[in-house]
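Structural overview for review
Chain by chain, the residues run as shown.
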Amino acid sequence: MDFRLTDMTDDEIAQELSVVEPLTDSVRDLIDAVIRTEVDDDVLIAAREQIDAVVTSLRGNQKPGSYGVPFTRKLHGMPYGNAAVGKRNAIAPPLRVEHHDDGSATSEVVLGAAYEGPAGLVHGGISAMLLDQLLGEVVSVSQGVPCFTGTLTVKYLRPTPLGPLSLRAETTGSEGRKFFVHAEISDAEGPTVTAEGIMISPANMPRHEELKRLRAELAASAE
Ligand SMILES: CCCCCCCCCCCC(=O)SCCNC(=O)CCNC(=O)[C@H](O)C(C)(C)COP(=O)(O)OP(=O)(O)OC[C@H]1O[C@@H](n2cnc3c(N)ncnc32)[C@H](O)[C@@H]1OP(=O)(O)O
């Protein structure tokens, strides 16, 4: 796994995000507009030419490969290309996860036309992806060790409507490097999808105490 350090300061990251996040929102808006537009073909052809010109301009200076997950010297991860939460990724639903003192994590999200499976309903793969992300984050943040999904079991209780949804996840137990986690998606009427996960802190990952020591060393070297 890419464990690359970046020397960007918090202010530099905030400045970059103040430019990049509105761009990502505009591209997300573009995706929704393309799905739902009913304009004439000549307008579509002109739009494609304009979009191609924008792509050519952005390709003027590109990172090789994927974005990766750079870490700041305070060991804050920057997963900006992530499929579920990437701040540069317009196909990621606008998911922002909040972590709470009791170890749980929640998120409020509005899923529009780009996330449709059955008519008017959320695609089951999208539900699984959002739950997987939340399960990974709740255990990684509350336990202080990065964890990968070992097993993910998803139960679709009833159809999930497109629109505003709430997500919640919590760790329910652990055995060695394995963490058992539960998460659910709810609409206004209650849960629509639940997930049980076995998340594993890989053998070759830095452990919690090592991470704390590494954070302290990096913070000291940055002063
Ligand atoms: C703070 C930063 C925020 C960071 C926030 C990060 C959020 C990320 C959210 C996204 C989550 C993802 O999508 S992650 C991407 C999808 N997942 C992956 O690609 C994982 C691919 N698989 C692997 O890398 C590996 O197989 C692992 C890590 C799962 C396990 O490898 P390992 O560490 O070598 O495990 P190993 O020693 O064999 O086994 C350890 C224990 O786990 C059990 N075990 C092993 N594999 C599995 C399994 N698939 N499902 C269940 N249990 C398993 C074993 O029986 C054993 O139990 P016992 O004998 O001890 O009882």
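Residues numbered from 1 in each chain as written. Predicted model: local features only at pLDDT ≥ 70, side-chain atom pairs only at ≥ 80, totals over all residues.

Counting secondary structure elements, the protein chain contains four helices and six strands. Listed N to C, the secondary structure of the protein chain is α-α-β-β-α-β-β-β-β-α in terms of helices and strands. The dimensions of the protein chain, computed from C-alpha atoms along their principal axes, are 60 × 45 × 25 Å. Counting every position in the protein chain, which comprises 223 residues, the buried fraction comes to 19%. Nonlocal contacts in the protein chain, meaning residues at least 24 apart in sequence, comprise 64% of its contacts between residues at least 6 apart. (Helix = DSSP H or I, 4+ residues; strand = E, 2+ residues; numbered from the N terminus. Buried ≥ 20, exposed ≤ 12 C-beta atoms within 10 Å, placed from the backbone. Contact = placed C-beta atoms within 7 Å.)

What follows is about the pairing of strand β4 (residues 163-175). As defined by bridge partners, strand β2 (residues 105-111) adjoins β4 across seven bridges and the pair is classed as antiparallel. Residue pairing in the sheet places Thr-106 in a bridge with Arg-168 of β4. In terms of strand pairing, β4 meets strand β5 (residues 178-187) through nine bridges, oriented antiparallel. By the bridge assignment, Gly-173 is partnered in β5 with Phe-180. Here β4 hands over to β5 after two residues, with Gly-176 in that stretch at a positive phi of 60°. (Pairing = 2+ DSSP bridges.)

Here the domain parsing of the protein chain yields domain 1 (1-92) and domain 2 (98-209). Using C-alpha coordinates to define each centre, domain 1 is positioned 24 Å away from domain 2. Taken together, the contact pairs seven residues of domain 1 with six residues of domain 2. Among the residues making up the side of domain 1 that touches domain 2, the classes are represented as five nonpolar, no polar and two charged. (Domains from an automatic or database assignment. Nonpolar A, V, L, I, M, F, W, Y, C, P; charged D, E, K, R; others polar.)

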